[in-house]
Amino acid sequence: MILLTGATGSIGRHLVRRLAARGAEFRALVRDEAKGRALGCAYAVGDFDEPASLTAAFAGVDRLFLGGPGALPVDGEQPMVRQFTAAIEAAAAAGVERVVKVSVWHAAPDSLLAQGAHGVLDRRLADALPGWTLLQPSGFLQNLLLPGAFTPDGRLVGRYGDAPVSHLDTRDVAECAEVLLTGPPRPGESFVLTGPQALTDRELADRVARALHRPVGLLPLAPDETAAALTARGAPPAFAADLAALLREVAAGSLAGVTTAVPTLLGRPARTVDDFLADHLPALRTAVGHP
Ligand SMILES: NC(=O)c1ccc[n+]([C@@H]2O[C@H](COP(=O)([O-])OP(=O)(O)OC[C@H]3O[C@@H](n4cnc5c(N)ncnc54)[C@H](OP(=O)(O)O)[C@@H]3O)[C@@H](O)[C@H]2O)c1
């Protein structure tokens, strides 16, 4: 029995569809009963913030897809570490044999924000269970559909200067997880997942324009400008400073590389930016806005 956490998220939703289509025995962990019903698969209600709620969800589980919250720090605490630790402990208590965890590229315990939290958690997982495999993705193309990706007048908010980024489609992350959950186990391996090409913010805006057959401008923001905008909206200064430091690393090329992990795992090329845009035109039009 496979348990999926983060089943309603951008990776988990697609993984639910894939596992259902191949007739795999799985259940989804959801916080909200109604969301579980909407998934149309077996589900258990549980919350990483309430560790006792996880015990029943893990009953009979031998394989785990560990995905989900990328929560921001609150009052200096990184909730992700506490939340995923509860799931790792529940998995260890249930004797789970195989865990495929979504981490992030450049995860390291001494790094910042999600990279630091995943770095701590990846080690914690390795200490708790021998059957771990890590997916360490570059930035998600699905971030283009999130609030704030475009200005109200329809310009892409560019945060990476002139550096290319090898964005990838979360559907490919889900399919890599599917292979690692249902195929031969790959314990102790980490896969850095990227798209097939790296594009600058300007190139990405041009691709969006081409897909929508309309001009799409760019609002380039330096890391310190992003940080200042966040603190102006009430974000803690320490968080904004950490984010600016991470953005400087990306602007220096930390997400520019392209790996062969997706084609190697899936036996086909990774989805391109243009594939993603063509498959999400209505949502993209909403995200960019109607001038
Ligand atoms: N965004 C990027 O570019 C990027 C790049 C690399 C790695 N990552 C990592 O990818 C992960 C996010 O994956 P995603 O995009 O698929 O997720 P997502 O779309 O952000 O969805 C988050 C999922 O986590 C669930 N969740 C939230 N709080 C929870 C809790 N307390 N207990 C149990 N479940 C909870 C949500 O359930 P509800 O429906 O109940 O809210 C939802 O299913 C993060 O760990 C992030 O660090 C992100």
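Keep in mind the model is a prediction, meaning the values are calculated, not measured.

Calculation rules
- Residues numbered from 1 in each chain as written.
- Predicted model: local features only at pLDDT ≥ 70, side-chain atom pairs only at ≥ 80, totals over all residues.
- Heavy atoms only, no water.
- Buried < 20%, exposed > 50% of the residue type's maximum accessible area, 1.4 Å probe, protein only.
- Helix = DSSP H or I, 4+ residues; strand = E, 2+ residues; numbered from the N terminus.
- Right-handed = clockwise from strand over helix to strand, strands pointing away.
- Axes fitted to C-alpha atoms, helices over the stretch in contact; angles between N-to-C directions.
- Left-handed = near helix turned anticlockwise from the far one by under 90°.
- Contact = heavy atoms within 4.5 Å.
- Nonpolar A, V, L, I, M, F, W, Y, C, P; charged D, E, K, R; others polar.
- Salt bridge = Lys/Arg side-chain N within 4 Å of Asp/Glu carboxyl O.
- Phe/Tyr/Trp six-rings, centres within 6.5 Å; stacked < 30°, edge-to-face > 60°.
- Lys NZ or Arg CZ within 6 Å of the ring centre and 35° of its normal.
- Near = heavy atom within 4 Å.
- Polar contact = N/O pair within 3.5 Å; in protein donor to acceptor, adjacent residues only side chain to side chain.
- Areas by Shrake-Rupley, 256 points an atom, 1.4 Å probe, with all protein chains shown as cover.
- Parallel < 35°, antiparallel > 145°, perpendicular 65-115°, else oblique.

K.L.:
So what about the pairing of strand β5 (residues 98-102)? Which residues, and what values?
P.N.:
The element β5 is extensively covered by neighbouring structure, given that five of its five residues are classed as buried. In β5, alternate side chains face the same way, and those of Arg98, Val100 and Val102 on one face and Val99 and Lys101 on the other are all buried. This β-α-β element, strand β4 (residues 63-66) to helix α4 (residues 79-94) to β5, shows right-handed connectivity. What joins β5 to strand β6 (residues 132-137) is helix α5 (residues 113-128), and the crossover it makes is right-handed.

K.L.:
Let's hear about unusual backbone geometry: which residues, and what values?
P.N.:
One non-glycine residue, His106, adopts positive backbone phi at about 70°. Relative to the assigned elements, His106 resides in the loop between β5 and α5. With a relative accessible area of 34%, His106 lands in the partly exposed category. Phi is positive for Leu113, close to 50°, though the residue is something other than glycine. As for its placement among the helices and strands, Leu113 is situated in helix α5.

K.L.:
Tell me about the packing of helix α7 (residues 201-212) against helix α12 (residues 281-288), and name the residues and values.
P.N.:
Running from amino to carboxyl end, α7 crosses α12 at an angle of 120°, the nearest separation of the two axes being 11 Å. By crossing handedness, the relation of α7 to α12 is classed as left-handed. Note on element contacts: α12 touches α7 through Leu281, Leu284, Arg285 and Val288, opposite Val208, Ala211 and Leu212. When its residues are assigned to classes, the contact of α7 with α12 shows six nonpolar, no polar and one charged.

K.L.:
How would you explain the pattern of salt bridges if you had to name every residue and give the values?
P.N.:
On inspection of all chains with the given rule, the structure shows 18 salt bridges. For Arg82, the salt bridge goes to Asp49, with nearest N and O atoms at 2.8 Å. On the criterion of sequence distance, the pair formed by Arg82 in helix α4 and Asp49 in the loop between β3 (43-45) and α3 (54-57) is long-range, its members being 33 residues apart. According to the relative accessible area criterion, Arg82 is partly exposed, its value standing at 39%.

K.L.:
Please give an account of the packing of aromatic side chains that cites residues and values.
P.N.:
Inspection of every chain in the model, using the stated rule, returns one aromatic pair. Of note, Lys101 hangs over the ring of Phe84, and the distance from its end group to the ring centre comes to 5.5 Å.

K.L.:
How would you explain the environment of Leu255 if you had to name every residue and give the values?
P.N.:
Structurally, the position occupied by Leu255 is in the loop between α9 (237-251) and α10 (261-266). A C-alpha to C-alpha distance of 8.2 Å links Leu255 and His167, two positions 88 residues apart in sequence. Setting aside its immediate chain neighbours within four residues, Leu255 contacts Trp105, His106, Ser138, Gly139, Pro164, Val165, Ser166 and Val250.

K.L.:
An account of the site of the ligand is requested, with residue identities and associated values reported.
P.N.:
In the vicinity of the ligand, 24 residues are found, and the nearest of them are Thr8, Ser10, Arg31, Lys35 and Asp47. In the environment of the ligand, an oxygen atom lies 3.3 Å from a nitrogen or oxygen atom belonging to the backbone of Pro69. Burial of the ligand by the protein amounts to 79% of the accessible area it has alone, namely 940 Å². For the shell around the ligand, the per-class residue count stands at eight nonpolar, 12 polar and four charged.

K.L.:
Give me the packing of helix α1 (residues 12-21) against helix α6 (residues 170-182): which residues, what numbers.
P.N.:
Helix-helix packing is characterised by the crossing angle of the two axes and by the distance between the axes. It is the contact of α1 with α6, at a shortest axis distance of 8 Å, that shows an interaxial angle of 45°. The angle between α1 and α6 falls in the class oblique. Judged by the sense of rotation from one axis to the other, the crossing of α1 with α6 is right-handed. In this structure, α1 uses His14, Leu15, Arg18 and Leu19 to contact α6, whose residues at the interface are Arg171, Ala174, Glu175, Ala177, Glu178, Leu181 and Thr182. Within the contact of α1 with α6, the residues separate by chemical class into five nonpolar, two polar and four charged.

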